[in-house]
Amino acid sequence: MVNTGNALEKPDTRHITVHLDVAASTSPDDLRPVATDIAHVLKKTEIGQHTSVVDINNWGTAKPKYRTLLTDENFQEHPWNGVPSKDAEMAIWKIVDPE
């Protein structure tokens, strides 16, 4: 599931939250590869060009094992195109507690 809304810090941009269902995931670190793939695809879209924050969580699973999530609070500043490497991109994601 995906939710979108206006970013609070930059009302002319979007804040996108992607709720994944990865039952085997035990921490947000497990989501880094798929979050990076999502960022690659999103960056190429019209809405991606107007997005400032992207959150990725595992709250779509029936029994989430954790509440923390991955976030890129500076989505526009990152190219999300594989440069310099996918490992470097995966390190961009910050783990945050939404509470």
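Residues numbered from 1 in each chain as written. Predicted model: local features only at pLDDT ≥ 70, side-chain atom pairs only at ≥ 80, totals over all residues. Heavy atoms only, no water.

## Some details on the overall build of the chain
If you tally the helices and strands in the chain, you get two helices and five strands. Each helix and strand of the chain, placed in order from N terminus to C terminus, yields the pattern β-β-α-β-β-α-β. Taken over C-alpha atoms, the radius of gyration comes to 13 Å for the chain, in line with the 13 Å a tight globule of 99 residues would show. Dimensions of the chain, computed from C-alpha atoms along their principal axes, come out at roughly 35 × 30 × 20 Å. Within the chain, the proportion of its 99 residues that are buried is 37%. (Helix = DSSP H or I, 4+ residues; strand = E, 2+ residues; numbered from the N terminus. Rg over C-alpha atoms; globule rule 2.2 N^0.38 Å. Buried < 20%, exposed > 50% of the residue type's maximum accessible area, 1.4 Å probe, protein only.)

## Some thoughts on helix H1 (residues 32–43)
Between its first and last C-alpha, H1 extends 16 Å over 12 residues, near the 16 Å set by a 1.5 Å rise per residue. All of the buried residues in H1 are Arg-32, Ala-35, Thr-36, Ala-39, Leu-42 and Lys-43. Down the axis of H1, the smallest arc covering the buried residues is 125°, so these residues share one side. Buried-residue contacts for H1 involve strand E2 (14–19), strand E3 (51–57), strand E4 (69–72), helix H2 (86–90) and strand E5 (94–96). (Expected span 1.5 Å × (residues − 1). Arc of directions from axis to C-beta. Contact = heavy atoms within 4.5 Å.)

## Remarks on the sheet that holds E4
Strand pairing in a sheet takes place through backbone hydrogen bonds and is either antiparallel or parallel in direction. Strand order in the open sheet formed by five strands is E1-E2-E3-E4-E5, and the pairing between neighbours is mixed. Strands with a single pairing partner mark the edges of an open sheet, and in this sheet they are strand E1 (2–6) and E5. For this sheet the average axis-to-axis angle between neighbouring strands, irrespective of direction, equals 25°. Here E1 pairs with E2 via five bridges, running antiparallel. Bridge pairing in E2 places Val-2 opposite Val-18. Sheet strands in contact with H1 are E2, E3, E4 and E5, and its direction is about 150° off that of E3. (Pairing = 2+ DSSP bridges. Axes fitted to C-alpha atoms, helices over the stretch in contact; angles between N-to-C directions.)

## Topic: the packing of aromatic side chains
For the structure on display, the rule yields two aromatic pairs. Between Phe-75 and Trp-80 the ring centres are 6.5 Å apart and the planes differ by 20°, which places this aromatic pair in the stacked class. Neither residue differs from the other here; Phe-75 and Trp-80 are each classed as buried. A network of ring pairs unites the aromatic residues Phe-75, Trp-80 and Trp-93 as a single cluster. (Phe/Tyr/Trp six-rings, centres within 6.5 Å; stacked < 30°, edge-to-face > 60°.)

## Quick look at the nonpolar core
Most often, soluble globular proteins have nonpolar side chains that are buried together. Of all hydrophobic cores here, the largest spans 14 residues; its most connected members are Leu-31, Val-54, Ile-56, Leu-70, Phe-75 and Trp-93. Within the residue set of this core, elements represented by two or more residues are E2, H1 and E3. In terms of residues, this core owes the most to one element, H1, which gives three residues. Setting aside residues no more than four positions away along its own chain, Phe-75 makes contact with Ala-39, Leu-42, Lys-43, Gly-48, Thr-51, Ser-52, Val-53, Val-54 and Trp-80. (Core = buried A, V, L, I, M, F, W, Y, C linked by side-chain atoms within 4.5 Å.)

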